Amino acid sequence: MEKFPLKGTGNISSSNNLSISYAATNHPLSGDHPSYQSVGSKPGKGSPASGAERHITTTTTTSLTTAPGTVGAVPVYEADEDGMIDITPGNGGLTNPNYSYSSYSANGGRQDGVGAPSSAANSSAPSITTTAGASSNGGASIGGGEGPGGMSSPTHTRFGRDFHHSDHEDTLTVSFSGKMEGISFAGMTDTSDDIPGIGQYEDFHTIDWQRDIARDRMRHRYIVKKRQDSFWDLLKGAHDAWSGWVCVLLVGLFTGCVAGVIDIGASWMTDLKFGICPQAFWLNREQCCWSSNETSFDSGNCSQWYAWSEIFTSSREGFGAYVISYFFYIMWAMLFALLAASLVRMFAPYACGSGIPEIKTILSGFIIRSYLGKWTLIIKSVGIMLSVSAGLSLGKEGPMVHIASCIGNILSYLFPKYGRNEAKKREILSAAAAAGVSVAFGAPIGGVLFSLEEVSYYFPLKTLWRSFFCALIAAFILRSINPFGNEHSVLFYVEYNKPWIFFELVPFIGLGIIGGIIATLFIKANLWWCRFRKYSKLGQYPVTEVLIVTFITAVIAYPNPYTRMNTSELIYLLFSQCGISNQDPLCDYNRNFTDVNSAIEIAAAGPGVYKAVWLLILALAMKLIMTIFTFGMKVPCGLFIPSLALGAITGRIVGIAMEQLAYNYPKIWIFSGECSTGDDCITPGLYAMVGAAAVLGGVTRMTVSLVVIMFELTGGVRYIVPLMAAAMASKWVGDALGRQGIYDAHIALNGYPFLDSKDEFQHTTLAADVMQPKRNETLAVITQDSMTVDDIETLLKETEHNGYPVVVSKENQYLVGFVLRRDLNLALANARRIIDGITGQSLVIFTSAQPVQNLGPSPLKLKKILDMAPITVTDQTPMETVVDMFRKLGLRQTLVTHNGRLLGVITKKDVLRHVKQMDNEDPNTVLFN
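Below you will find a few notes about this structure. (Residues numbered from 1 in each chain as written. Predicted model: local features only at pLDDT ≥ 70, side-chain atom pairs only at ≥ 80, totals over all residues. Heavy atoms only, no water.)

1. Points about the overall build of the protein
Phase 1 of the analysis: Looking only at helices and strands, the protein has 29 helices and 13 strands in total.
Phase 2 of the analysis: Per-residue burial for the protein yields a buried fraction of 56% across its 929 residues.
Phase 3 of the analysis: Long-range pairs, those at least 24 residues apart, make up 72% of the contacts in the protein between residues at least 6 apart in sequence.
Phase 4 of the analysis: Element-wise, carbon and sulfur atoms account for 61% of the exposed surface of the protein, whose accessible area totals about 39100 Å². (Helix = DSSP H or I, 4+ residues; strand = E, 2+ residues; numbered from the N terminus. Buried < 20%, exposed > 50% of the residue type's maximum accessible area, 1.4 Å probe, protein only. Contact = heavy atoms within 4.5 Å. Areas by Shrake-Rupley, 256 points an atom, 1.4 Å probe, with all protein chains shown as cover.)

2. Points about the state of the cysteines
Phase 1 of the analysis: Scanning the model with the defined rule gives two disulfides in all.
Phase 2 of the analysis: What pairs with Cys277 in a disulfide is Cys288, and their sulfur atoms sit 2.0 Å apart. Around the S-S axis, the bridge from Cys277 to Cys288 shows a dihedral of about 75° and counts as right-handed. Separated by eleven residues along the polypeptide, Cys277 in the loop between strand 3 (275-276) and helix 5 (285-290) and Cys288 in helix 5 bring together distant segments of the chain.
Phase 3 of the analysis: With relative accessibility at 2%, the residue Cys277 sits in the buried group.
Phase 4 of the analysis: Given a relative accessible area of 0%, Cys288 falls into the buried group.
Phase 5 of the analysis: Note on Cys530: no disulfide assigned, nearest cysteine sulfur contributed by Cys637 at a separation of 8.9 Å.
Phase 6 of the analysis: Looking at Cys530, the relative accessible area reads 6%, which means it is buried.
Phase 7 of the analysis: Free of any disulfide, Cys637 has its nearest neighbouring cysteine sulfur in Cys352, separated by 7.5 Å. (Disulfide = S-S within 2.5 Å.)

3. Focus: the environment of Ser757
Phase 1 of the analysis: Following the sequence through the fold, Ser757 ends up in the loop between helix 24 (742-750) and helix 25 (767-770).
Phase 2 of the analysis: Residue Ser757 is classed as partly exposed on the basis of its relative accessible area, which comes to 46%.
Phase 3 of the analysis: Residues Ser757 and Ser364, 393 residues apart in the sequence, show an inter-C-alpha distance of 9.5 Å.
Phase 4 of the analysis: What Ser757 contacts, discounting residues up to four positions off in sequence, is Tyr457 and Arg887.

4. A look at the pairing of strand 7 (residues 803-807)
Phase 1 of the analysis: Counting buried positions over the five residues of strand 7 gives five, a clear majority of the element.
Phase 2 of the analysis: Of the two faces of strand 7, the one holding Gly803, Pro805 and Val807 and the one holding Tyr804 and Val806 are both buried throughout.
Phase 3 of the analysis: In the sheet, strand 5 (residues 782-783) pairs with strand 7 via two bridges, with the strands oriented parallel. Among the inter-strand pairings, Thr783 is bridged to a residue of strand 7, identified as Val807.
Phase 4 of the analysis: Two elements, strand 7 and strand 8 (residues 815-820), share five bridges in a ladder whose sense is antiparallel. Counterpart to Gly803 in the pairing with strand 8 is Leu820. (Pairing = 2+ DSSP bridges.)

5. A word on the sheet that holds strand 7
Phase 1 of the analysis: The three strands lie next to each other as 5-7-8, forming an open sheet whose pairing is mixed. Here the strands that pair on one side only, and so sit at the sheet edges, are strand 5 and strand 8.
Phase 2 of the analysis: Packing of helix 27 (residues 821-834) onto the sheet brings it into contact with strand 5, strand 7 and strand 8, and relative to strand 8 it is tilted by some 75°. (Axes fitted to C-alpha atoms, helices over the stretch in contact; angles between N-to-C directions.)

6. Description of the pattern of salt bridges
Phase 1 of the analysis: A complete count under the given rule lists 23 salt bridges for this structure.
Phase 2 of the analysis: Here Glu422 makes a salt bridge to Arg426, at a shortest N to O gap of 3.0 Å. Within this pair, Glu422 and its partner Arg426 are both found in helix 12 (residues 422-441), separated by four residues, close to a single helical turn.
Phase 3 of the analysis: Exposure remark for Arg426: the relative accessible area of 4% places this residue in the buried category.
Phase 4 of the analysis: Between Lys424 and Glu427 there is a salt bridge, with its nearest N and O atoms 3.6 Å apart. Of the two residues, Lys424 and Glu427 are both situated in helix 12; the distance of three residues between them amounts to about one turn of the helix.
Phase 5 of the analysis: Owing to a relative accessible area of 6%, Lys424 belongs among the buried residues under this scheme.
Phase 6 of the analysis: Taking the relative accessible area as the measure of exposure, Glu427 reaches 8% and is therefore buried.
Phase 7 of the analysis: Beyond isolated ion pairs, a larger network of salt bridges with shared partners links Asp216, Arg219, Asp240, Lys424, Glu427 and Arg466. (Salt bridge = Lys/Arg side-chain N within 4 Å of Asp/Glu carboxyl O.)

7. Structural notes on the packing of helix 18 (residues 567-575) against helix 20 (residues 640-664)
Phase 1 of the analysis: Following both chains from N to C, one finds helix 18 and helix 20 inclined at 30°, their axes separated by 9 Å at the closest point. Regarding the angle of helix 18 to helix 20, the classification is roughly parallel. Note that helix 18 runs across helix 20; the crossing there is left-handed. Here helix 18 contributes Thr567, Ser568, Leu570, Ile571, Leu573, Leu574 and Phe575 to the contact with helix 20, which in turn contributes Ile641, Leu644, Ala645, Ala648, Ile649 and Arg652.
Phase 2 of the analysis: Its residues assigned to classes, the contact of helix 18 with helix 20 comprises ten nonpolar, two polar and one charged. (Parallel < 35°, antiparallel > 145°, perpendicular 65-115°, else oblique. Left-handed = near helix turned anticlockwise from the far one by under 90°. Nonpolar A, V, L, I, M, F, W, Y, C, P; charged D, E, K, R; others polar.)

8. Topic: helix 28 (residues 879-889)
Because an α-helix packs 3.6 residues into every turn, residues spaced three or four apart end up facing the same way.
Phase 1 of the analysis: Restricting attention to buried positions, one finds in helix 28 the residues Met879, Val882, Val883, Met885, Phe886 and Arg887.
Phase 2 of the analysis: Immediately downstream of helix 28, the backbone of Gly890 shows phi near 65°, a positive value.

9. Overview of the packing of helix 9 (residues 374-389) against helix 10 (residues 397-412)
For any two helices packed against each other, one specifies the inter-axial angle together with the distance between the axes.
Phase 1 of the analysis: Relative orientation of the contacting elements helix 9 and helix 10 amounts to 155°, with a least axis distance of 9 Å. By the angle between their axes, helix 9 is roughly antiparallel relative to helix 10. For the pair helix 9 and helix 10, the sense of crossing is left-handed. On helix 10, the residues that touch Lys374, Thr376, Leu377, Lys380, Ser381 and Ile384 of helix 9 are Pro399, His402, Ile403, Cys406, Ile407 and Ile410.
Phase 2 of the analysis: Residues that form the contact of helix 9 with helix 10 fall into these classes: seven nonpolar, three polar and two charged.

Next up, the structure:
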């Protein structure tokens, strides 16, 4: 292999004194050091690199030498002042022939100047030498007192060291003045001279998880280190430790309050379509009737509550009354829909849809600015009340997750630990998503599992506990507000008193299969319609589309009592079992209730049940078709409630069929004698519950969280096994008929850069096939010490890349580090603003070396924004490994090398495009800047 010329060889003086740039090149951590690159022949053990002993020229020519005996010493790890452990890459445990380690006996400093006060490095002390037997660094290194070779070594952190020079010294010195100036973290130090804005991201960019997490660890170390200094610092440390819990506590409190307001507002506005309470117009129908003394009222029509027809014609029945009620129903629906669509259009375009696909993408490390902002929160909260009240076929449960995430995002800015660090902020957002489901369904544990299974990307154990706490607080607050006005915080509380028969697992699994088929039909049709909307003229008229859909929905829905009522009420009706008090046609059985406490006997279905079944079949078709056109419109709309309604209707119909089978043939073996006693052994409401779970599972592809949400939602713990069977069956059928759930499908449709951690990468390509640029194109790089400010600004103008590799020189493309475009722009602007003498001809230097003093303008040192430890792979790395690295480490990009030389870059965008190409899809659909 060819031997490459060492950078700085031109600066070696005629004596054997080695100028500083050579020392920096031979630093064991520099990009072109023999122990990191396979370079031809290495000098023999113990022989100094060029025969004579090297001398580092300092201002006063202090020679720092090593006695020949130091050779066999074992590297020792020493804890540095900032708590970092030194790790020295040695040649198989030998000291490096090009880099002699020795220590200052006086003050525990080190030969490379790290940790030594500048006075020590610059003093005209005599040669300080260390021999093998004794350590002379004052016992600073671990085991340094007795062992052979108590030597210290250069600090190696993930981000390179910041060597502070003064302009007239050629020495490497680092001052520790209680601040963390010793480590530079690509601009992430806690020093006061930070360049403002570094470490933030542009809109529509991917975050660098590794960099942000390392940045947080460093901040944490700094706080721990300062804790001993004063009582104030101790308080700061305590606040830092608690801030995560305090933040999720606040998120839970606010989410519970907002959910209570939304529930109360939506139920009042829904009832406003039917009538008004003249005594107190702010009460909904149920609350209005509480104030009346009537003991029983049929379906909420008590004397205090006036339907619109009563106010205008003073009668509830008759053709005229029906027309007036119909008219008011449509008018209010149109008004609410118009308001919702206009608010979204004018103030917060991001408030439309359910928000879960975007939350998933944001949690996977993508930045969508103002998607979780305060305007989105306000408009989404108001808009979801309006669009639910408009009677559209949508639910408010998905948007609750978005609303809670907005609250989490806004509150995270109160705590800089989370507000300024995108990777840490994602932990709060995961907890907020759990709180959102918790208040939507009154299901705190289901919420935590939903966050874990469906939306979160990075979910450490700490986040699990915080999500649990957040969901608990949110559910508690909602329970205290009691928006449903009943003693249960769950949406559809049911009490079935019959155990299920073993044979019933067959129809339950059958319901799972039906649910999977309905769900697949829905996903495919909805995607087709959304694609049509996106690429046709229709997409330019969002408000008109909302109004047309609302009008059609209202006109079709009013005549059928099951579609006219609120969807949540319909689901509750379908889940409940027939008792004495039920007046609905669904419970029109030929029973005579003589004794209130006697068991409900099984009975033949009356004419009302058959009529109800026909109406339910019509309702099923109407709900399915309207939901296909509704989901994805420019109003806030969720998908949980319509899916549950579709499943509950299907389930109830199957349940009634099973019940009649058991009534007509009670002696068949399948009922195993359970039904021969005449008791009601089949519960149609249970079938509705199982069917609801099946369709929802098929649409979203949830399994564990779905079952937990369903039994928390209904209080039916006894029926976990039927729910599990149906959820599994619907997931299998859904996966067989179509690969993606509705959220993943919408992520793909919108082109969000989401690498799903559940997918497998099956193909046998290599990193070299995917990297940019391809073999014959040139790679845009920055050299470490030979480009001027003008060169770099030209490079930034001519290329669009988000970051640039830094190499030794154009000829020798050996990797030094990686610098981000945003950081470069900020650093250059900052330097021109603050530092005098920076012109277009100033050299930009990414090394610690002092350049030769020429007559030109003073150089600009940007080592502090350089990432010294970019993740690299070789060109022969299989792509499945690379994809795994991107998924599990959350990378933005990785650099590709060959024999240590830089070949190219693979970004997340390249990976996503490659995955699409391999799956025979259009790779240009991925939205990325």
